[in-house]
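Here is what each chain is made of, one letter per residue.
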Amino acid sequence: VLMQFSFRNSALRQRFDGVKYSVKRLESLSYEITMARQRAGGFTSQPPSSTEDAALDMEVLSDSKRLYEEFDENREQVMKRSRDVVKAAKNAIYALQREDWKRADSQIQLCADQANAIYADVACNSPTLRLG
């Protein structure tokens, strides 16, 4: 049964690797902060008592996570809706090859309308999504 799954480059594997590398970066950051505190002479074995002294502000971290999730959701939406634009463009090319000018024009207009809708709904608010 497991032979049916593609574990090598699947989305699940990519996300797992992303989480694994993020954890590794956080561990490295924690180690570097600990070493910097030791060099500064302010190292204690107890965790900081207030959020002002904390190395990682959990509120900032949760806001960053929320912003990333919103960006990722918008990115997925742009990619899904862009497939419709590509499909309409493909149909326009096929219509041109068959010399069906009316259908080609309607498909090209559909491409333009859908692309403009994607831009207006999602991409205009996120500069990095406009780059493709």
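Residues numbered from 1 in each chain as written. Predicted model: local features only at pLDDT ≥ 70, side-chain atom pairs only at ≥ 80, totals over all residues. Heavy atoms only, no water.

Quick look at the overall build of the chain
Within the chain one finds four helices and zero strands. Along the chain, helices (α) and strands (β) appear in the sequence α-α-α-α when read from the amino end. When burial is assessed residue by residue, the chain has 13% of its 132 residues classed as buried. Intrachain contacts of the chain at a sequence separation of at least 6 include 48% that bridge at least 24 residues. (Helix = DSSP H or I, 4+ residues; strand = E, 2+ residues; numbered from the N terminus. Buried < 20%, exposed > 50% of the residue type's maximum accessible area, 1.4 Å probe, protein only. Contact = heavy atoms within 4.5 Å.)

Structural notes on the nonpolar core
Counting six residues, the largest nonpolar core is built from Val 78, Val 85, Ala 88, Cys 111, Ile 118 and Val 122. Elements that contribute at least two residues to this core include exactly helix H2 (58–97) and helix H3 (101–121). At three residues, the largest contribution of residues to this core is made by H2. (Core = buried A, V, L, I, M, F, W, Y, C linked by side-chain atoms within 4.5 Å.)

Some points on the side chain of Gln 107
Of note, Gln 107 is situated in helix H3. Among the residues examined, Gln 107 registers a relative accessible area of 9% and is labelled buried. Those residues in contact with Gln 107 that lie beyond four places of it in its chain are Ala 88, Asn 91 and Ala 92.

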